[in-house]
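# An overview of the molecular structure
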Amino acid sequence: KATQFCAAERTRQVTLAPGNVIVSDSETITEFTLVDDDTKNHIKGISRIAVYLTPNPNSREGVLWQQVSGKAVAFFDYELDMHREC
């Protein structure tokens, strides 16, 4: 029987540059599965990162954010295969 664990996080990154502020929002959802219950040394995972535009009404991105109704505009999927070395 496989043991599973899921984790999710939302982040907002703010970068300040001279005369410019860049804001980016993302959400990461990862599901981990313990593959080998006997040794507990092998875990596989699937991770999806969703990227969102920010709701700044004074920018082109804010206008696009309204057009997509705040939904994600890009997805990145990753497969994880982790082995513990003792």
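Right, let's walk through the structure included here. Starting from 1, residues in each chain are numbered consecutively following that chain's sequence as written. Under the rules for a predicted model, residues below a pLDDT of 70 receive no local features and side-chain atom pairs below 80 are neither given nor counted, while totals for whole chains, interfaces and linings still include all residues. The basis for the side-chain values is all heavy atoms of the structure; hydrogens and waters are excluded.

A few words now on the sheet that holds strand 2 (residues 20–34). Strand pairing is assigned whenever DSSP identifies at least 2 bridges connecting the two strands. A run of H or I in DSSP counts as a helix once it spans at least four residues, and a run of E counts as a strand once it spans at least two, with each numbered from the N terminus. The strand order across the open sheet built from 4 strands is 1-2-3-4, with neighbouring strands paired in antiparallel fashion. Strands with a single pairing partner mark the edges of an open sheet, and in this sheet they are strand 1 (3–17) and strand 4 (74–83). Taken pair by pair, the neighbouring strands of this sheet meet at an average axis angle of 20 degrees, ignoring direction. One ladder, built from 10 bridges, connects strand 3 (residues 42–52) with strand 4; its direction is antiparallel. When the bridges of strand 4 are listed, I43 appears paired with M82. All axes here are fitted lines through C-alpha atoms, helices being fitted over the stretch that makes contact, and every angle between N-to-C directions spans 0 to 180 degrees.

Purely spatial values, then, with no claim about function.
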